[in-house]
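# Close look at the chain arrangement
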Amino acid sequence: MSVTIKTPEEVENMRIAGRLAGEVLDYIEPFVKPGITTEELDRLCHDYMVKVQGCIPAPLNYAPPGYAPYPKSICASVNHQVCHGVPNDRPLKKGDIVNLDITTIKDGWHGDTSRMFVTGGTTAGSILANRLIRITHECLWLGINAVRPGASLGDIGAAIQRHAETNGFSVVREFCGHGIGRKFHEEPQVLHYGRRGDGIRLEPGMVFTIEPMINAGKAAVSELPDGWTIVTKDRSLSAQWEHTVCVTASGVEVLTLSAGAPPNPFK
Ligand code: MF3
Ligand code: CO
Ligand code: CO
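The structure reproduced in this document is the subject of the present report. (Residues numbered from 1 in each chain as written. Chains lettered and ligands numbered in written order. Predicted model: local features only at pLDDT ≥ 70, side-chain atom pairs only at ≥ 80, totals over all residues. Heavy atoms only, no water.)

### Let's talk about the layout of surface pockets
As a reminder, the rule being used: For each structure, a 1 Å grid was placed over the protein atoms alone; sets of points admitting a 1.4 Å probe that cannot get out are labelled cavities, open sets with protein on both sides within 12 Å along at least five of seven lines are labelled pockets, and lining residues have an atom within 4 Å of a point. Grid points are joined across faces, edges and corners, and a volume is the space filled by probe spheres set on the points. Secondary structure elements are defined from DSSP: runs of H or I of at least 4 residues count as helices, runs of E of at least 2 residues count as strands, and each element is numbered from the N terminus. As a working rule, the residues Ala, Val, Leu, Ile, Met, Phe, Trp, Tyr, Cys and Pro are called nonpolar, Asp, Glu, Lys and Arg charged, and the rest polar, with Gly in that last group.
Volume-wise, the largest pocket comes out at about 580 Å³. If you go around the largest pocket, you meet 29 residues; those closest to its centre are H84, F175, C176, H178 and H185. Elements with a minimum of two residues in the lining of the largest pocket: β2 (75–78), β4 (97–106), β7 (177–179) and β8 (186–190). Considering every element that reaches the lining of the largest pocket, the biggest residue donor is β8, with 4 residues. Within the lining of the largest pocket, the residues separate by chemical class into 13 nonpolar, 9 polar and 7 charged. In this structure, the second largest pocket spans a volume of roughly 230 Å³. Around the second largest pocket sit 13 residues that line it, and E29, M116, F117, V118 and T122 are the ones nearest its centre. Mapped by element, the contributors of at least two residues to the lining of the second largest pocket are β5 (109–118) and α3 (127–145). Taken together, the residues of the lining of the second largest pocket break down into 7 nonpolar, 4 polar and 2 charged.

Spelled out as structure tokens, the structure:
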């Protein structure tokens with residue numbers, strides 16, 4: 001069990017990679033309209049990362065143990081898809097909700113962030129979809145707001161779980177946030193449920209993601225035959241938001257903010 005502590009110079013590199021990942025989401029938002037396919041969104045993001053930003057899209061050919069290499073440059077998870085949705089040639093429909101998850105590599109450092117979009121804009125979404133998206137975003141920020149030196153990882157998970165469940169939603173257990181740096185996924189695992197005070201204590205220089213996946217129905221998930229796409233077992237809607245954060249001497253810094261990122265709803 002080893003959580004790497006990033007030096008101020010390393011954090012500066014991750015700030016750059018993180019902001020670039022956020023800027024891919026800023027760039028792609030206006031394209032999320034009825035009729036576009038997630039494959040087209042993938043190609044647009046790929047070209048933006050490679051040709052405009054000079055980044056490497058981390059998902060492309062990513063192959064953790066037991067997985068086939070991931071075939072695309074972004075993850076696009078629609079409606080009841082929870083995470084790791086593989087972009088395909090199905091056009092998005094008005095009111096579909098979609099998570100776009102972007103991970104950039106810049107000068108060897110990773111930045112990982114995702115947002116929810118409603119195809120055709122918020123007014124096209126159902127009341128349930130919009131509420132799930134809002135509560136999940138609040139879950140992300142309650143997790144972020146729990147980060148400070150001396151807090152525990154369990155404080156993050158407990159804050160997220162409490163907000164999701166008091167609103168009648170459920171927390172996906174099989175996937176979690178993660179340490180990040182020169183590697184895409186490193187220690188620690190950042191659970192989105194748990195008990196206050198449990199788990200390791202946070203120290204300045206730790207960098208990890210918080211990326212709650214919240215289901216409108218039950219928490220159970222299954223994997224599609226493509227070996228990547230995760231869906232809710234009960235086919236209920238699922239939402240996810242993600243930021244990469246750094247523990248600072250006084251609290252937390254979000255490394256994946258960009259001009260278009262929705263602000264902390266509690267500030
Ligand atoms: N970006 C995802 C995360 O937040 C991981 C995607 S792995 C991939 O951890 F291979 F599917 F891209
Ligand atoms: Co992540
Ligand atoms: Co991600």
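### Quick notes on the site of ligand 1
Note the threshold: Being near a molecule or strand, for a residue, means having at least one of its heavy atoms within 4 Å of it. A 3.5 Å cut-off defines polar contacts: any pair of N or O atoms within that distance qualifies, except that in protein one atom must be a possible hydrogen donor and the other a possible acceptor, and neighbouring residues in sequence count only when both atoms are side-chain atoms. Note on areas: these come from Shrake-Rupley sampling with a 1.4 Å probe, and a residue is covered only by the protein chains present in the view. Any molecule with more than half of its atoms within 2 Å of a cavity's or pocket's grid points is regarded as sitting in that cavity or pocket.
The immediate surroundings of ligand 1 are formed by 14 residues, with P59, H178, H185, E211 and E242 found nearest. Measuring from a nitrogen atom of ligand 1, one finds a side-chain N or O atom of T103 at 3.4 Å. About the coverage of ligand 1: the protein hides 97% of its 340 Å² of free accessible area. One can see that ligand 1 is located within the largest pocket. Considering only residue class, the shell around ligand 1 consists of 6 nonpolar, 4 polar and 4 charged.

### Let's talk about the coordination of the cobalt ion (ligand 3)
Condition: The rule for donors is simple: an N, O or S atom within 2.8 Å of the metal counts, and for Na, K and Ca the reach is 3.2 Å. Water is not among the atoms, so a site may look short of donors. Three labels apply to residues, based on accessible area from a 1.4 Å probe with only protein chains included: buried if under 20% of the type maximum, exposed if over 50%, partly exposed otherwise in between.
Within the protein, the cobalt ion (ligand 3) binds to D101 (OD), D101 (OD), D112 (OD) and E242 (OE); these donor distances fall in the range 2.0 to 2.4 Å. Coordination of the cobalt ion (ligand 3) draws on donor residues from a single chain, spaced D-x10-D-x129-E in sequence. The metal-metal distance between the cobalt ion (ligand 3) and the cobalt ion (ligand 2) is 3.3 Å, with D112 coordinating both. Here D101 is found in strand β4, whereas its partner D112 is found in strand β5, with 11 residues between them in sequence. On the basis of relative accessible area, D112 is assigned to the buried category, the value being 2%.

### Quick word on the sheet that holds strand β12 (residues 230–232)
The line we're drawing: Whether two strands pair depends on DSSP finding at least two bridges between them. Axis lines are fitted to C-alpha atoms, over the contacting stretch for helices. Their N-to-C directions set the angle, which ranges from 0 to 180 degrees.
Pairing is antiparallel in the open sheet, where 3 strands are placed in the order β3-β12-β11. Both outer strands of the open sheet, β3 (81–83) and β11 (221–223), are each paired with one neighbouring strand and no more. Shown here is a sheet whose adjacent strand axes are inclined to one another by a mean of 40°, direction ignored.

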